[in-house]
Amino acid sequence: MNYRIETKEPFQVFGIEKVFQLNGVDTPAELWKQSHVNGEVERLTDNAGDLPAFLNQNYHKVHAVCSYKKTEEGSFPYMLSAFKGDSSKTDGYTIITIPAQTWAIFTSDPFTWDKFDETIETLYKRFFSEWLPTAGYEQVEGMEFEVTGVKDGLNFVELWFAVRKIT
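Worth saying up front: this structure is predicted, and the values here are computed from it rather than measured.

What counts, and where the lines are drawn
Residues numbered from 1 in each chain as written. Predicted model: local features only at pLDDT ≥ 70, side-chain atom pairs only at ≥ 80, totals over all residues. Heavy atoms only, no water. Patch = residues over 30% accessible without salt bridge, like charges linked within 9 Å, V, L, I, M, F, W, Y side chains within 5 Å. Areas by Shrake-Rupley, 256 points an atom, 1.4 Å probe, with all protein chains shown as cover. Salt bridge = Lys/Arg side-chain N within 4 Å of Asp/Glu carboxyl O. Helix = DSSP H or I, 4+ residues; strand = E, 2+ residues; numbered from the N terminus. Buried < 20%, exposed > 50% of the residue type's maximum accessible area, 1.4 Å probe, protein only. Pairing = 2+ DSSP bridges. Core = buried A, V, L, I, M, F, W, Y, C linked by side-chain atoms within 4.5 Å. Contact = heavy atoms within 4.5 Å. Axes fitted to C-alpha atoms, helices over the stretch in contact; angles between N-to-C directions. Lys, Arg positive; Asp, Glu negative; His and termini not counted. Charge placed at Lys NZ, Arg CZ, Asp CG, Glu CD. Polar contact = N/O pair within 3.5 Å; in protein donor to acceptor, adjacent residues only side chain to side chain.

1. Here's the deal with a nonpolar patch on the surface
Together, Met1, Tyr3 and Ile5 make up a nonpolar patch on the protein surface, roughly 260 Å² of accessible area in all. Structurally, methionine 1 is set in the segment before β1 (3-8). Take methionine 1: its relative accessible area is 37%, and that puts it in the partly exposed class.

So, in structure tokens, the structure goes:
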């Protein structure tokens, strides 16, 4: 499993936020689809500005953050988001501050876009079923990022899980 542990200082993200029901018919995938169709992803990309220097510059400008705040039981927050930098235009978007955290970051093998769903599902399964039970870490409040990028013409996805060492 390709992963690394990184500690990051607080940073901000901004974007389009929605709260989903765990057993609802509306899903984050539908939000992505709708936001591509209505042009929101393109607008968010345009407003993102330059990626902050602490990020891999091969990342796409729009990604997702999940479970970053408390919501009603049986629901979770999800945001199509961009990392806030000096050149970002945030008017009209929800802005959240991500506190300093230690992150377990899992990177996929390169893939073609038609394999995205399979690739991200496999990373999630492996984190929860293989890595987390044996790594000596626990997840912090469930916070996670889904970050995508492209390198050498192929896509990759990174899942960032906020974690802390079990003492």
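2. Concerning the pairing of strand β7 (residues 137-151)
Looking along a regular strand, one sees the side chains alternate between the two faces of the sheet. As judged from the three bridges shared by strand β3 (residues 63-66) and β7, these two strands associate in the antiparallel manner. Residue pairing across strands places alanine 64 opposite glutamate 146, the latter belonging to β7. With eleven bridges joining them, β7 and strand β8 (residues 154-165) adopt antiparallel strand pairing. Paired with phenylalanine 145 across the strands is tryptophan 160, a residue of β8.

3. Some details on the nonpolar core
Of all hydrophobic cores here, the largest spans 20 residues; its most connected members are Phe11, Val13, Val65, Ile98, Trp103, Phe145 and Trp160. For this core, the secondary-structure elements that each account for two or more residues are β2 (11-21), β4 (75-83), β5 (94-98), β6 (101-107), β7 and β8. Ranked by the residues each element gives to this core, the list is headed by β7, at four residues. If we skip the residues at most four places from it in the chain, phenylalanine 145 touches Phe11, Val13, His63, Ala64, Val65, Phe83, Ile98, Trp103, Glu158, Leu159 and Trp160.

4. Comments concerning the sheet that holds β6
Backbone-to-backbone hydrogen bonds join strands into a sheet, with any given pair of strands oriented parallel or antiparallel. Strands sit in the order β1-β6-β8-β7-β3-β4-β2-β5 across an open sheet of eight strands; the sheet is antiparallel. Each end of this open sheet is capped by a strand with a single partner; those strands are β1 and β5. Strand-to-strand twist across the sheet, computed as the mean angle between neighbouring axes with direction ignored, equals 30°. Against the sheet, helix α1 (residues 28-37) touches β2, β3 and β4, its axis set at about 40° to β4. The strands touched by helix α3 (residues 116-131) are β1, β6, β7 and β8; relative to β8, the strand with the most contacts, the crossing angle is about 25°.

5. Here's the deal with the pattern of salt bridges
Under the counting rule described, the total for this entry stands at nine salt bridges. As a salt-bridge pair, lysine 33 and glutamate 30 come within 3.6 Å of each other at their nearest N and O atoms. Of this pair, lysine 33 and glutamate 30 both sit in helix α1, three residues apart, roughly one helical turn. A residue is classified by how much of its surface remains accessible, and glutamate 30, at 36% relative accessible area, is partly exposed. Here the salt bridges share partners, and the residues they tie into one network are Arg4, Glu6, Lys8 and Glu158.

6. Overview of a negative patch on the surface
Together, Asp114, Asp117, Glu118 and Glu121 make up a region of like negative charge exposed at the surface. By the secondary structure assignment, aspartate 117 is in helix α3. With a relative accessible area of 51%, aspartate 117 lands in the exposed category.

7. Points about the environment of asparagine 56
By the secondary structure assignment, asparagine 56 is in the loop between α2 (40-48) and β3. As a C-alpha pair, asparagine 56 and glutamate 72 span 16 residues in sequence and 34 Å in three-dimensional space. With sequence-adjacent residues up to four places away left out, asparagine 56 is seen in contact with Leu51 and Phe156. Within the local environment of asparagine 56, its side chain forms a polar contact with the backbone nitrogen of asparagine 58, the two atoms lying 2.7 Å apart.

Functional significance is not addressed by these values, which are geometric in nature.
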